[in-house]
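Structural overview for review
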Amino acid sequence: MKRFLLITLLYIFSSYSFSLSSSFANTEESTSLLGYEQTYEKEAYGQLPIFSATNINNISNKDLQLIKKSTTNDKNYLLNVNKTTKRLKELVAKHPDMLSISNIGSAEGEDLYKIKISSTSSSNQIKRIAITTGVHGNEPITNVALIKIIEEIIHRSDLQKNYEFIIYPLINSYGLKNGKRRSKTCKDLNRSFTDGKWSQISTLLAKSIRDETENNGPFEIALDLHGAIGKGIFIIKAHDNDKKLAQEALKFMNIDNLLKSKDTTYPAYTSNETYFLHSPGEAVSFNSGTLKSYFDKLGTPFCYTVEYPVSRPLDKQITLLTQLVISYLNVSSERFDNDNLNKQ
Ligand SMILES: [Zn+2]
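Residues numbered from 1 in each chain as written. Predicted model: local features only at pLDDT ≥ 70, side-chain atom pairs only at ≥ 80, totals over all residues.

**Looking at the overall build of the protein**
The number of helices and strands found in the protein is 10 helices and 12 strands. Contacts in the protein between residues far apart in sequence, at least 24 positions, make up 72% of those at least 6 positions apart. (Helix = DSSP H or I, 4+ residues; strand = E, 2+ residues; numbered from the N terminus. Contact = placed C-beta atoms within 7 Å.)

Set out below in structure tokens:
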């Protein structure tokens, strides 16, 4: 009996070590390809912001109202979806000449909104920028930063001259209300913009984006705002070649605030191997069915996911995300002005 047990144990051990070594070999193989033929997909889970007195020190009372303590875990923040929706509607009501909001329908029992910031130019040369927030419910800060971004744009005549903005806020309302990455029907919405993966929400949103594109031409830039664990902000490009738009936008950020590789050489994987970095803050990934890949499919030349650093204090999360989006708008608007000058 003892002998039988020993043989069984030996057999279990040998098959275990075999499966260990074969899966290790796979990992090594994928790593050596530096991500380009990466076939597996790691699901990056976010992390809710931590609720603490020091974390909220530098946040204005007005912005503080947009977040609230989680009822299931009082260490975490959730977005106050009702108050955020109210703030957005108030902002629109205050600036009816520039802003408008419409309800594009309801999916999974939640309303979906579209906010438009009109261009001040009547020229048909203006370009269109799409901004999307709240795709992942456990990344609430994208919606707080969005309000700051809209407030900045409506005070910037240079941006309004060149661009019309179409904004889809609070996309995964259920997830935001409950601090969950996925939607009510357990869909990862940032993987559901492709055949076989469609969800009610991605179908409704995709239709609105497609209608916008068909009626008014493709978007020039699409920025999908997210958050990821870590202390550095970064963007994920849809293409290797984006005419260095991302690099230029990142130049205006303090390098200490950008996501870096482990040994600060490039190109390289991030330390959790989820992303591949071309330079500090400049990443690519090969997840399919993302919202940015949908914009890409519709002919948007510059598509990005922008990831704020979840492990930084809350005020930093908000300001870094706002800064990087504004930096994108500044850099692309300057390019647009230069192109127009060269044409004259
Ligand atoms: Zn996300």
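**Observations concerning the packing of helix 3 (residues 81-94) against helix 4 (residues 141-153)**
Where helix 3 meets helix 4, the axes come as close as 11 Å, and the angle between the chain directions of the two elements is 10°. In terms of orientation, helix 3 lies roughly parallel with respect to helix 4. Within the contact between the two elements, helix 3 uses Thr84, Arg87, Leu88 and Leu91 and helix 4 uses Asn143, Ile147 and Ile150. Taken together, the residues of the contact of helix 3 with helix 4 sort by class into 4 nonpolar, 2 polar and 1 charged. (Axes fitted to C-alpha atoms, helices over the stretch in contact; angles between N-to-C directions. Parallel < 35°, antiparallel > 145°, perpendicular 65-115°, else oblique. Nonpolar A, V, L, I, M, F, W, Y, C, P; charged D, E, K, R; others polar.)

**Looking at the pairing of strand 12 (residues 302-309)**
Of all 8 residues in strand 12, 8 are buried, a share of seventy percent or more. Neither face of strand 12 is open: one carries Phe302, Tyr304, Val306 and Tyr308, the other Cys303, Thr305, Glu307 and Pro309, and all of them are buried. Bridge count for strand 7 (residues 221-228) against strand 12 is 8 bridges, and the pairing is parallel. Within strand 12, the residue paired with Gly227 across the bridge is Tyr308. (Buried ≥ 20, exposed ≤ 12 C-beta atoms within 10 Å, placed from the backbone. Pairing = 2+ DSSP bridges.)

**Description of unusual backbone geometry**
In this structure, Pro267 follows Tyr266 across a cis peptide bond, with omega equal to 0°. Locating Pro267 in the fold gives a position in the loop between helix 8 (245-251) and strand 9 (268-269). Phi is positive for Lys243, close to 55°, though the residue is something other than glycine. Summarising the element assignment, Lys243 is placed in the loop between strand 8 (234-237) and helix 8. At Lys244, a residue that is not glycine, the phi angle is positive and equals roughly 60°. Position of Lys244 relative to the elements: it lies in the loop between strand 8 and helix 8. Accessibility expressed as a C-beta count within 10 Å gives 13 for Lys244, which makes it partly exposed.

**A look at the sheet that holds strand 3 (residues 99-107)**
The mixed open sheet is built from 10 strands, whose spatial order is 3-4-6-5-7-12-8-11-10-9. Of all the strands in the sheet, the pair left with one neighbour each is strand 3 and strand 9. Sheet analysis places strand 5 (residues 127-132) next to strand 6 (residues 163-168), joined by 6 bridges and oriented parallel. When the sheet's bridge partners are listed, Ile131 is paired in strand 6 with Ile167. Relative to the sheet, helix 4 contacts strand 4 (110-117), strand 5, strand 6, strand 7 and strand 12, its axis offset from that of strand 7 by approximately 140°. This element, helix 7 (residues 200-216), spans strand 3, strand 4, strand 5 and strand 6 of the sheet and lies at about 135° to strand 3.

**A word on the nonpolar core**
Membership of the largest hydrophobic core comes to 75 residues, with the highest contact counts inside it found for Leu223, Tyr304 and Leu321. Excluding its chain neighbours within four sequence positions, the residues that come into contact with Tyr304 are Leu223, Ile235, Ile236, Lys237, Ala238, Ala246 and Lys292. (Core = buried A, V, L, I, M, F, W, Y, C linked by C-beta atoms within 7 Å.)

**Quick look at the environment of Lys148**
Checked against the element boundaries, Lys148 lands in helix 4. Taking the C-alpha atoms as reference points, Lys148 and Thr319, separated by 171 residues in sequence, lie 8.8 Å from one another.

**Some remarks on the environment of Val310**
Structurally, the position occupied by Val310 is in the loop between strand 12 and helix 10 (314-343). Overall, the presence of 21 C-beta atoms within 10 Å leaves Val310 in the buried class. In this structure the C-alpha to C-alpha distance between Val310 and Lys231, which are 79 residues apart in sequence, comes to 6.9 Å.

**Focus: the pairing of strand 5**
With respect to burial, strand 5 is a largely interior element, 5 of its 6 residues being buried. As paired elements, strand 5 and strand 7 share 4 bridges and run parallel to each other. Paired with Ala130 across the two strands is Ala222, which belongs to strand 7.

**Brief notes about helix 10**
With 30 residues, helix 10 extends 44 Å from end C-alpha to end C-alpha; this agrees with the ideal 44 Å at 1.5 Å per step. Taken together, the buried positions of helix 10 are occupied by Leu314, Gln317, Ile318, Leu320, Leu321, Thr322, Gln323, Leu324, Val325, Tyr328, Leu329 and Ser332. Packed against the buried residues of helix 10 are helix 4, helix 5 (157-162), strand 7, helix 8 and strand 12. (Expected span 1.5 Å × (residues − 1).)

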